[in-house]
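What follows is each chain in one-letter form.
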Amino acid sequence: MIEKKTRLLQGNEACVEGALAAGVTFFAGYPITPSTEIAELLSLYLPRIGGKFIQMEDEIAGMAATIGGSLAGHKAMTATSGPGFSLKQENLGFAIMAEVPCVIVNVMRGGPSTGLPTATAQGDVMQARWGTHGDHPIIALAPYSVPDTFYTTIKAFNLAEKYSTPVVILLDEVIGHMREKIEVPDHVDGIIDRKSPEKSPEDYLPYEAGPDQAPVLAKFGSGYRYHVTGLTHDFTGFPTTDPKQVKYLMDRLNNKIEMHKDDIIEAEELELDDAEIMVVAYGSVSRSAANAIRSAREAGIKVGLLRLKTIWPFAEKHLKKYADQVKAVIVAEQNQGQIVYEVERLIGCQAPVYAENRYDGELMKPEQILNRIKEVYRNA
Amino acid sequence: MSKQIRLSGSGGQGMLLAGIILAEAGIMSGKNAVQSQSYGPEARGGASKSEVIISDLSIDYPKVTKPDIMLALTQEAYSKYAGDMSDDGILVIDESIQLSGQDKCKVYSIPIIVSARDVLGRAIVANMVALGAIVKASEVISFESLESAVLKRVPRGTEELNRKAIQTGYELIAG
Amino acid sequence: MLNDLKQYLREDKLKHILCSGCGHGTIMNALVHAIEKCQLDRDNTVIVSGIGCSSRIPGYLNFNTLHTTHGRALAFATGIKLADPQLKVIVITGDGDGSAIGGNHLIHACRRNIDITTIVFNNNIYGMTNGQYSPMTPVGSYASTAPYGNIDRSFDLCKLATGSGATFVARGTAYHVTMLTDLIVKGIANDGFSVVEAMSHCPTYYGRKNKLKSPVIMMEMLKKSALPLTAFEKLPAEKTEGKYAIGVLHHEPAPEYTKEYDRVIEIAQKGAN
């Protein structure tokens, strides 16, 4: 029997609760607003369960130590915000290439540069996708509420362990800092732990992936001695420049995510069944959008909301499901327009796609989206 | 029922804690609640605010757009934050504040700070006095819910002082 | 003896990428001998490196090996050591990797006194990328990015490590192999952060740019420049130009980081119950 405790928590606090429920035992990071509550709470909680917390000398080291902690067998995470997320990109790429499970929380604030450290934004969704150099897949999740942050964090750890890959959580500053009612369960089912190799150390090949395309990396110190490198490598883990092996690795890294899209991608469809206008939004803005579509429905406009909970890989299937049905699409984002281009690319030839944006540090109000819905409806 | 509440004062007057207590009292009464606040330099000194929405329904937009209930403990906070009040809202202010004359809503001007300092002997509990007054004036939650939320949050050993503070505030509103 | 040593090598990964005449192979040899002397368990030893010529060496060593990003070996290693203090962690880095791009991680690893042994392969140049000057290139030397002579003053890495809090600091050379082996043994034995600066040479780039015609000449330079600490200290200041001390330069035990963290766990768990 799962007991639930009603609490009032910040998004950042719910992230910590989710991480603990998922089995986090290692955190390395560097202080940056608006993510600091995550580090502060884990410095308090981790030693209580025998876990490890370390504040590193910089953001880069925070990411590096997180990967190190994971290779030593821990469920590991770090948390940061815009400028720190930029600094972490190279080692994020290392984790993708070396296939090291870990979770990176980016509590998004206004940018570019130092920007608006205490104000909300969704300006890092493309950085999450393409921030590190080279072709690569990425998983990025975007919670829209405090309870959703709890479950999204659990999901992030599960996906990281399942697919042996880093997972990014894009948390809006508004969600990270606001307090909201949440029923915290004392136990969560379906936690995924790291697999151990089935083969003996003599026969073990670290990057020989199973049918799911994900490797099983043995914990350092478990008797499996192998080599981990950011250089392009073959299934033994050692560097290769053989074009065949290079292509094989690049394809496998990509397929590993691509073939499991249905497992990874989550999106909520609100009032879309008969919708003539579809609003696409994620994170905090999807709350404003939910409010706006309710008001629009009251005014007799058939409008629905596609709330993206997984940003990458992109919810192509969900989007295309409504592409022929709707007369127009509005993509509401707390930035100058990023996901709108992805939507346009996928369904722009089937329905006109409009961008609705706000990027002054204040959360987009429902009225802004409602007005746009009305305007689009009039002209449709 | 859905009420937007804004608590404002100067940094250090405990508006954040008051907001958290109010939101917790809300969820203890089985309602939904969200709380948010100003961060950064704004939160240190100067005017600062903490906002709460308490609702029977789910709360989509988490920020206060038009307060139904507003508290101002300082002149600066009143000038900065009271401008977008709902016409049928309730404004609770410390008696030291000079009204602009523009307010269309119901105004309760009461001695919050003086009561905390002189009656209870601790200026620091002005936020609790204010909470008592707000609950009485708006009936957004019951006094009992407020009381249990306060007792859950305040430091051990200060329960009696804080209980008295909300009681004092409650009694400052006539009727 | 040779057969005993072979167990520490991934023979199928040799031949190595190092140029002929490079000093790094000799230092790797000293490291392997030191590991043998310390009887380190291969399964419980992790060797971590950054980017550069020396950082390719872990690939040839039969341990848990991790070849990371440029300059960041110590940050990865810190994560590993803290995550599992039972593991013996050795970091291989170069002068560019360890003192330029990774300089910040070096001083902070020293400060924490986490039980990691760091071998800095110092060949005074960026060898992997064609011989650009590093923070350890002497003033006046030539490099592919210092065609008119280097004007950047170089670090005294051992003083830097000592000043930053490392509890064991030593310098050896690829010429004085027996001594270098001994210094690495002592570094591994130190319960805390150890830095062993191993002076190497790069005939391919540093040598060619600086008219040092052969590896032999460069080896002789190592021999001439290095003086045991006691002898170096007796030299009058004007005669120290181009010379450096070798041996144990600093050894002062202090609380080790992961053991301190165990205390944190103890306090946290007492408080929670």
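The rules behind the values
- Numbering of residues starts from 1 in each chain and follows the order in which that chain's sequence is written.
- Think of it this way: whatever chain is written first is A, whatever ligand is written first is 1, and the rest follow in order.
- Reporting of local features is limited, given that this is a predicted model, to residues whose pLDDT is at least 70; pairs of side-chain atoms are given and counted only at 80 or more, and all residues count toward the totals for whole chains, interfaces and linings.
- No hydrogens and no water enter the side-chain calculation; it runs on all heavy atoms of the structure.
- Secondary structure counts use DSSP, requiring at least four H or I residues in a row for a helix and at least two E residues in a row for a strand, with both numbered from the N terminus.
- The globule rule is 2.2 Å times the number of residues to the power 0.38, and the radius of gyration it is compared with is taken over C-alpha atoms.
- In what follows, residue pairs with any heavy atoms lying within 4.5 Å of each other are defined as contacts.
- The method behind every accessible area is Shrake-Rupley, applied with a 1.4 Å probe, and residues are considered shielded solely by the protein chains displayed.
- A pair of Phe, Tyr and Trp rings is counted when the ring centres sit within 6.5 Å of each other, with Trp represented by its six-membered ring. The angle between the planes then sorts it: under 30 degrees is stacked, over 60 is edge-to-face, the rest tilted.
- Three labels apply to residues, based on accessible area from a 1.4 Å probe with only protein chains included: buried if under 20% of the type maximum, exposed if over 50%, partly exposed otherwise in between.
- Domain segmentation is taken from an automatic or database assignment of domains.
- When two parts are brought into contact, each loses some accessible area as probed by a 1.4 Å sphere; the total of that loss over both is the buried area.
- Definition used for salt bridges: Asp or Glu carboxyl oxygen within 4 Å of a side-chain nitrogen of Lys or Arg.
- The score called pLDDT rates the predictor's confidence residue by residue, from a low of 0 to a high of 100.
- A pair of strands is treated as paired once DSSP finds two or more bridges between them.
- Axis definition: a line fit to C-alpha positions, over the contact stretch in the case of helices; interaxial angles, taken between N-to-C directions, run 0 to 180 degrees.
- Throughout this description, the term nonpolar core refers to a set of buried Ala, Val, Leu, Ile, Met, Phe, Trp, Tyr and Cys residues connected via side-chain atoms within 4.5 Å.
- Polar contacts, as counted here, are pairs of nitrogen or oxygen atoms within 3.5 Å of one another; within protein the pair requires one atom able to donate a hydrogen and one able to accept it, and residues that are adjacent in sequence qualify only if both atoms are side-chain atoms.

Once that is clear, we can look at the overall build of chain A. Each helix and strand in chain A was counted, giving 13 helices and 16 strands. Taken over the C-alpha trace, chain A has a radius of gyration of 21 Å; the compact-globule value for 380 residues is 21 Å, and the two agree within 12%. When the backbone C-alpha atoms are referred to their principal axes, chain A occupies close to 70 × 50 × 45 Å. Put simply, of all contacts in chain A between residues at least 6 apart along the chain, 77% involve residues at least 24 apart. Accessible area of chain A: about 13600 Å², with a carbon and sulfur share of 49%.

Before going further, it helps to examine the packing of aromatic side chains. The way to describe two aromatic rings as a pair is by their centre distance and the angle between their planes. All names here are of chain A. Inspection of the entire model under this criterion finds 9 aromatic pairs over all chains. Ring centres of Phe27 and Phe53 lie 5.4 Å apart, and the angle between their planes is 5°; on these two criteria the pair is classed as stacked. Here Phe27, found in strand β2 (residues 26-29), pairs with Phe53, found in strand β3 (residues 52-55); they are 26 residues apart in sequence, far enough to count as distant. Note on accessibility: Phe27 and Phe53 belong to one class, buried. Taken together through their ring pairs, the aromatic side chains of Tyr204, Phe220, Tyr224 and Tyr226 make up a single cluster.

Residue and element names in this part refer to chain A. Per the domain assignment, the segments of chain A are domain 1 (4-185) and domain 2 (268-379). Just the C-alpha atoms count here: the centres of domain 1 and domain 2 sit 27 Å apart. Counting residues at the interface gives 27 residues for domain 1 and 23 residues for domain 2. Of the roughly 1900 Å² buried between domain 1 and domain 2 on both sides combined, carbon and sulfur atoms contribute 56%. Linking domain 1 with domain 2 are 2 salt bridges, by the criterion used here. Among the ionic pairs, Asp148 bridges to Lys309, the shortest N-O distance being 3.0 Å.

Bringing the confidence of the model for chain C into the picture now. With 99% of its residues at a pLDDT of at least 70, chain C reaches an overall mean of 96. In the predicted assembly, ipTM is 0.97 and pTM is 0.97.

The next thing to look at is the sheet that holds strand β10 (residues 227-229) of chain A. With mixed pairing, the 9 strands of this open sheet are ordered in space as β10(A)-β2(C)-β1(C)-β3(C)-β4(C)-β6(C)-β5(C)-β8(C)-β7(C). In this open sheet, the two edge strands, each paired with only one partner strand, are β10 of chain A together with β7 (226-228) of chain C. Averaged over neighbouring strand pairs, the angle between their axes works out to 20° when direction is ignored. Two strands pair when backbone bridges link them, and strand β3 (residues 88-94) of chain C and strand β4 (residues 116-122) of chain C are joined in this way by 6 bridges, in the parallel orientation. Looking at the pairing, Ile90 of chain C lines up with Thr117 of chain C of β4 of chain C. Running over the sheet, helix α7 (residues 177-189) of chain C touches β3, β4, β5 (168-173), β6 (194-199) and β8 (244-251) of chain C and is turned about 160° from β5 of chain C. Each of β5, β6, β7 and β8 of chain C touches helix α9 (residues 215-225) of chain C; the most contacted strand, β7 of chain C, lies at about 35° to it.

A few words on the nonpolar core. Core analysis: the biggest nonpolar cluster contains 160 residues, and Met77 and Ile373 of chain A have the highest contact counts within it. Both domains that meet at this core, namely domain 1 (4-185) and domain 2 (268-379) of chain A, each give it at least three residues. What Ile373 of chain A contacts, discounting residues up to four positions off in sequence, is Ile277, Val279, Ala292, Ile293, Ala296, Ile301, Val303 and Ile330 of chain A. In terms of nonpolar packing, the next biggest core, distinct from the first, is built from 44 residues, Met15, Ala23, Val125 and Ala149 of chain B among them.

In many analyses, interface size is given as the accessible surface area lost on bringing the parts together. Residue-level contacts link 22 residues of chain A with 22 residues of chain B. The largest share of the area that chain A buries against chain B comes from Leu8, Arg179 and Lys181 of chain A, three residues that together contribute 38% of it. If you look at where chain A meets chain B, you find 1 salt bridge. Among the salt bridges present, the one from Arg294 of chain A reaches Asp60 of chain B, with a minimum N-O distance of 2.7 Å. Where chain A meets chain B, there are 8 residue pairs in polar contact (both at pLDDT 80 or more). Those elements giving two or more residues to the side of chain A that touches chain B turn out to be β1 (4-10), α7 (173-177), β9 (179-185) and α10 (285-298) of chain A. Here the side of chain A that touches chain B takes 5 residues from α10 of chain A, the largest share from any one element. Pairing of β9 of chain A with strand β2 (residues 32-37) of chain B involves 2 bridges; the strand directions are antiparallel. Within β2 of chain B, the residue paired with Arg179 of chain A across the bridge is Gln35 of chain B.

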